[in-house]
Amino acid sequence: MKEIRKDLNLTQQEMASLLNVSRSAIAMYEKGMRELPAAASLAYNKLMLFWQQSMGRQRTLRPINSPFLQVEQTQCVARLKACQERAAATIVHITQQLSAMEQKHQKLSQQLHVLQSLMQDARPGTLQMSLLKNREQMVLIRLSKCSPERRQMLQFRLQVLTARQKAALSGNVILQQQAAVNNT
């Protein structure tokens, strides 16, 4: 019973209502702890028969030619196209942002290296050392804004957007094929 109930997407309560028994009776029957009453068993057998007959039928999709469907398909194609275009534009933006971030990281890393080299030659407690340490802190803060973790997050967003763009393209192709079938 449980398989048919699940195949029909029915809860135990819904199945109980169909068979005119309690939910607990269905639960106990599914566990093998109880038999169904005669009337419920008859209703269940009828339900199984209908289910088996419907499983035996082969469904063929006929083209549906309705103005509502055509409008709906046109709107879906437009939404998918817009989604694809937004994803493409965002991909370009993030790619540019990622490239700029990588260049900035490289430049700041070079600045940090120079500052740290100068700090090795500066005497502790001098104005020069204080200035170099201050600059080092500023560079480290700016470096954190283009860290490998942030660049990795942008690369992940690129992957997600690329997948979204591909999904929108696939959906668009499917809808156009369905529209072609419906127009024939």
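Predicted, not measured: the structure shown is a model, and the values here were computed from it. (Residues numbered from 1 in each chain as written. Predicted model: local features only at pLDDT ≥ 70, side-chain atom pairs only at ≥ 80, totals over all residues. Heavy atoms only, no water.)

S.K.: Sorry, what's going on with the packing of aromatic side chains here?
M.R.: Here a ring pair, both rings aromatic, is described through the centre-centre distance and the interplanar angle of the planes. This model, assessed by the stated rule, comprises one aromatic pair. With 6.2 Å between their ring centres and 65° between their planes, Tyr29 and Tyr44 make a pair best called edge-to-face. Here the residue Tyr29 occupies a position in helix 3 (residues 23–30), and Tyr44 occupies one in helix 4 (residues 38–56), the gap between them amounting to 15 residues. Here Tyr29 falls in the partly exposed class, since its relative accessible area comes to 25%. Its relative accessible area of 6% is what places Tyr44 among the buried residues. (Phe/Tyr/Trp six-rings, centres within 6.5 Å; stacked < 30°, edge-to-face > 60°. Helix = DSSP H or I, 4+ residues; strand = E, 2+ residues; numbered from the N terminus. Buried < 20%, exposed > 50% of the residue type's maximum accessible area, 1.4 Å probe, protein only.)

S.K.: Teacher, can you tell me more about unusual backbone geometry here?
M.R.: What you tend to see is this: most non-glycine residues have negative phi, and most peptide bonds are trans. A positive phi angle, close to 60°, is found at Asn9, a residue other than glycine. When you line up the elements, Asn9 lands in the loop between helix 1 (2–7) and helix 2 (12–19). By relative accessible area, Asn9 is classed as exposed at 68%.

S.K.: Where do I start with a positive patch on the surface in this structure?
M.R.: A contiguous patch of positive charge on the surface is contributed by Lys104, Lys107, Arg142, Lys145 and Arg150. The residue Arg142 is located in helix 6 (residues 127–144) in this model. Of the residues examined, Arg142 reaches a relative accessible area of 39% and is grouped as partly exposed. (Patch = residues over 30% accessible without salt bridge, like charges linked within 9 Å, V, L, I, M, F, W, Y side chains within 5 Å. Areas by Shrake-Rupley, 256 points an atom, 1.4 Å probe, with all protein chains shown as cover. Salt bridge = Lys/Arg side-chain N within 4 Å of Asp/Glu carboxyl O. Lys, Arg positive; Asp, Glu negative; His and termini not counted. Charge placed at Lys NZ, Arg CZ, Asp CG, Glu CD.)

S.K.: I tried to follow the nonpolar core on my own but got confused; where do I start?
M.R.: A general tendency of soluble globular proteins is for nonpolar side chains to be buried together. Counting 18 residues, the largest nonpolar core has Val139 and Leu143 as the members making the most contacts within it. The set of elements that each furnish at least two residues to this core consists of helix 5 (67–121), helix 6 and helix 7 (148–183). Sort the elements by how many residues they give to this core and helix 5 lands first, with nine residues. Dropping the residues within four chain positions of it, Val139 is found in contact with Leu108, Gln111, Leu112 and Leu115. (Core = buried A, V, L, I, M, F, W, Y, C linked by side-chain atoms within 4.5 Å. Contact = heavy atoms within 4.5 Å.)

S.K.: I would appreciate a short explanation of a nonpolar patch on the surface in the present structure.
M.R.: A contiguous nonpolar surface patch, about 300 Å² in accessible area, is contributed by Met153, Phe156 and Val160. A relative accessible area of 40% places Val160 in the partly exposed class.

S.K.: Would you take a moment to explain the environment of Leu80 for this structure?
M.R.: The topology assignment puts Leu80 in helix 5. The partly exposed category is assigned to Leu80, whose relative accessible area is 21%. Taking the C-alpha atoms as reference points, Leu80 and Asn172, 92 residues apart in sequence, are found 6.1 Å from one another. Not counting residues within four places of it along the chain, the set of residues in contact with Leu80 comprises Ala168, Gly171, Asn172 and Leu175.

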